Amino acid sequence: MPTSPEENPNPNPNNKLKLSAAPGNKRRLSLSDIWYNKDTQALKQLVLQMRAQSVSSSTTPPSESESDVQSLTLDEPEPTRFGSSPDYTAVLSDKLLLSVLSKVPEGQHVANSLVCKRWCKLSGKLVRYIKLLDWEFLESGRLSYRFPGLIDIDLVRACVKSRRNSGIVMSHRLISVHLNSSSIDGGFVKEEGFLGKEVVDGGVKVLVEGCGNLRRMVLMNASVEGLGYLGEKCETLQELELHCCDDFALKGLFGCRNLQILKLVGCIDGLYNSMVSDIGLTILAQGCKRLLKLELVGCEGSYDGIKAIGQCCQMLEELILCDHRMDGGWLSALSYCSNLKTLKLQSCKVLDSSPGPDEHLGSCSTLEELHLQQCQLRDKQGVRALFMVCATVRELVFADCWGLDNAIFSAASVCRSLRFLSLEGCSLLTTEGLDSVVQSWKELERLKVVSCNNIKDSEITPELATLFSVLKELKWRPDSRSLLSSGLEGTGIGHKGGRSLRRK
């Protein structure tokens, strides 16, 4: 019959631990009871039980597992070098300790890695995303050794030669880097300000050899050899963002068989200027036929490039064009995108400079959503052609678009199946222009109007008020100034000689 240390005043230290179940009439102590009551004997027994369980569930032969369990004794763990308290986690296997650390919130991983070398190595296996700043950390192999479980990495900032103590910071919504005055020429960063293609390709090879399970990568200035090696070795890659790549570098994407999301950045004003034309779009279309989402930023092209994408990437569901440099007539190529559901145009100075005759425009019959964000809509011909191609949309979103007045907005009346309209920051549109178009949409269910200062509550017609009453969702905050005035009404603030918000 096993005895506890309390029953045996002179226990033999050579005796092996015998694990027994607690009596049925006594409540089993929880881990919190053991920890806060400082019951060291019970804590040691709990740790040894966990150790025995981890050893028994391992893949070692039965004879080795049994010998390991029998060798567990009640000897005190060695004290740490920082104090006299013993390290009870030292008897836990790496697999068990890693399971414990994985339950900790992600924000605590950095603090856990500072405990000791063992915790540092195990915590690194839990890191899934990194934005690299030092390219040498990648080239030396320390990155893949330190974080072997990476699935998402951003290498753009590390590809720019920058000094962190520089007082010049170039910021863009896609990238922000520190630069020297000598590295800027003609409004763009000199070619010497970026890592060479050979250096980038070498770093990609080192990364892929150590982290072969990458699912997303942001890369800059890679060549066809680097991208080809990436596609060959990293079969799990599903999302890729490429900066500063030319047409022929896109040949390397032929090996990325499982690539589903691609963002291609050709030119960023003030940072770099690389050219992606119809040649690159055609190569891209032939190499990435399983794309679901494609985003083109600062890319050139025309009807032929968009047509090739539509014909080859038949699974494409979302297309985003940001600050495009497309030649006139590209809109009519959208009719070849047979499965396209969402089209987003962002920061476009011109939609289509020469859309051509209406009979040649065609229609994208599967399109459901059209988003226009920070676009210049002063060209009525281009806007009209866009709405004719996208006549089947059910959701239409305008956000901070310039030139959207009553005449331009009237072109949207061809979208007869519209169910959701969002207007935000469209200061030229009036209540009359909104009323005339909204009344033609018989299937409209949701309406959002925010910060459109020329749309007044006092100008709402009875017909428009009746339409509001049958909508399923209505968000109506058109005039921010009138909303502020109504909120301050009766306080005396905002009138001459009235109260002030300044402190005395």
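The structure under discussion appears in the preceding block.
Rules and cut-offs
Residues numbered from 1 in each chain as written. Predicted model: local features only at pLDDT ≥ 70, side-chain atom pairs only at ≥ 80, totals over all residues. Heavy atoms only, no water. Helix = DSSP H or I, 4+ residues; strand = E, 2+ residues; numbered from the N terminus. Buried < 20%, exposed > 50% of the residue type's maximum accessible area, 1.4 Å probe, protein only. Contact = heavy atoms within 4.5 Å. Areas by Shrake-Rupley, 256 points an atom, 1.4 Å probe, with all protein chains shown as cover. Pairing = 2+ DSSP bridges. Right-handed = clockwise from strand over helix to strand, strands pointing away. Phe/Tyr/Trp six-rings, centres within 6.5 Å; stacked < 30°, edge-to-face > 60°. Lys NZ or Arg CZ within 6 Å of the ring centre and 35° of its normal. Disulfide = S-S within 2.5 Å. Axes fitted to C-alpha atoms, helices over the stretch in contact; angles between N-to-C directions. Parallel < 35°, antiparallel > 145°, perpendicular 65-115°, else oblique. Nonpolar A, V, L, I, M, F, W, Y, C, P; charged D, E, K, R; others polar. Salt bridge = Lys/Arg side-chain N within 4 Å of Asp/Glu carboxyl O.

J.: What exactly am I supposed to notice about the overall build of the chain here?
T.: Assigned secondary structure in the chain consists of 17 helices and 21 strands. For the chain, the residues scored as buried account for 41% of the 504 residues in total. If you take every contact in the chain between residues at least 6 apart in sequence, the share linking residues at least 24 apart comes to 66%. When the accessible area of the chain is evaluated, it comes to approximately 27,600 Å², of which 50% is carbon and sulfur surface.

J.: Honestly, helix α6 (residues 117–124) in this entry has me stumped. Any pointers?
T.: Residues three or four positions apart in an α-helix share a direction because the helix packs 3.6 residues into each turn. For α6, the complete set of buried residues consists of W119, L122, S123 and G124. Buried positions along α6 lie against α4 (94–101), α5 (109–113) and α8 (142–146).

J.: Before we go on, may I ask you to explain the pairing of strand β21 (residues 473–477) in this structure?
T.: It is a general feature of regular strands that their side chains alternate between the two faces of the sheet. As defined by bridge partners, strand β20 (residues 446–450) adjoins β21 across 5 bridges and the pair is classed as parallel. Along β21, the bridge assignment pairs L447 with L474. As for the winding sense of the linkage, the β-α-β connection from β20 through helix α16 (residues 462–470) to β21 is right-handed.

J.: What is the right way to look at unusual backbone geometry in this model?
T.: In most cases, non-glycine residues show a negative phi, while peptide bonds are predominantly trans. One non-glycine residue with positive phi stands out, namely N221, at about 60°. The backbone of S451 shows a phi angle near 55°, a positive value even though the residue is not glycine. Tracing the sequence through the fold places S451 in the loop between β20 and α16.

J.: In this structure, what is going on with the pairing of strand β12 (residues 293–297)? I would like to understand it.
T.: When you tally the buried positions in β12, you get 4 out of 5 residues, the bulk of the element. Sheet analysis places strand β9 (residues 261–265) next to β12, joined by 5 bridges and oriented parallel. In the strand pairing of β12, L262 is matched with L294. Looking at chain direction, β12 and strand β14 (residues 318–322) are connected through 5 bridges and run parallel. Looking at β14, one finds that K293 is bridged to E318.

J.: Any chance you could explain the packing of aromatic side chains here in plain terms?
T.: Two measures describe an aromatic ring pair: the distance that separates the ring centres and the angle between the ring planes. Counted under the stated rule, the structure contains 5 aromatic pairs. Between F398 and F409 the ring centres are 6.0 Å apart and the planes differ by 65°, which places this aromatic pair in the edge-to-face class. Remark: F409 occurs in helix α14 (residues 406–409) and F398 occurs in strand β18 (residues 395–399); sequence separation between them is 11 residues. Take F398 and F409: they sit in the same class, and that class is buried. On the numbers, 5.0 Å between centres and 55° between planes, the contact of F468 with W476 is tilted. These aromatic residues form a ring-pair network of at least three members: F387, F398, F409 and W441. Here K205 stacks its cationic end above the ring of Y229, 5.6 Å away from the centre of that ring. The ring centre of F420 lies 4.2 Å from the NZ or CZ of R446, which sits over that ring.

J.: Could you clarify how one ought to interpret the environment of G196 in this entry?
T.: Considering the arrangement of structural elements, one finds G196 in the loop between β6 (188–189) and α9 (197–210). Accessibility expressed as a relative area gives 29% for G196, which makes it partly exposed.

J.: Please clarify how the state of the cysteines should be interpreted in this entry.
T.: Any covalent bond linking the sulfur atoms of two cysteines counts as a disulfide. Applying the stated criterion across every chain, the model contains 0 disulfides. With no disulfide of its own, C211 has C234 as its nearest cysteine by sulfur position, at a separation of 9.1 Å. Exposure remark for C211: the relative accessible area of 0% places this residue in the buried category. Left without a disulfide partner, C312 is nearest to the cysteine sulfur of C313, which lies 6.2 Å away.

J.: Can you help me understand the packing of helix α11 (residues 278–287) against helix α12 (residues 303–312) in this one?
T.: Each pair of packed helices can be described by the angle between their axes along with the distance between the axes. Packing of α11 against α12 leaves a shortest axis separation of 8 Å and a crossing angle of 5°. Relative to α12, the element α11 lies roughly parallel. For the pair α11 and α12, the contacting residues are D278, L281, T282, A285 and Q286 in the first and D304, G305, A308, I309 and C312 in the second. Partitioned by chemical class, the residues of the contact of α11 with α12 number 5 nonpolar, 3 polar and 2 charged.

J.: Would you mind going over the pattern of salt bridges with me for this structure?
T.: Pairs may arise between side chains of opposite charge once their charged atoms sit close together. Under the counting rule described, the total for this entry stands at 13 salt bridges. With its nearest N and O atoms 3.6 Å apart, the salt bridge here joins R216 to E241. One end of the pair, R216, is in strand β7 (residues 216–220); the other, E241, is in strand β8 (residues 239–243), and 25 residues separate them in sequence. On the accessibility criterion, E241 (12% relative accessible area) is buried. Taken together, the shared-partner salt bridges in this structure form one network comprising D152, R216, E239 and E241.

J.: Even after reading the chapter, I still don't get the environment of C415, so can you show me in this structure?
T.: For C415, the position within the fold is in the loop between α14 and β19 (420–424). Residue C415 is classed as buried on the basis of its relative accessible area, which comes to 0%. Between the C-alpha atom of C415 and that of V389, which follows or precedes it by 26 residues, the distance is 9.8 Å. Not counting residues up to four positions away in its chain, the partners in contact with C415 are F387, C390, A391, V393 and W441.

J.: Teacher, can you tell me more about the packing of α9 against helix α10 (residues 224–233) here?
T.: Two elements in contact, α9 and α10, have axes whose closest approach is 9 Å; the angle formed by their N-to-C orientations is 10°. By the criterion of interaxial angle, the relationship of α9 to α10 is roughly parallel. Here D201, V204, K205, V208 and E209 of α9 lie close against α10, whose contacting residues are E225, G226, Y229, L230 and K233. Considered class by class, the residues forming the contact of α9 with α10 number 4 nonpolar, 1 polar and 5 charged.

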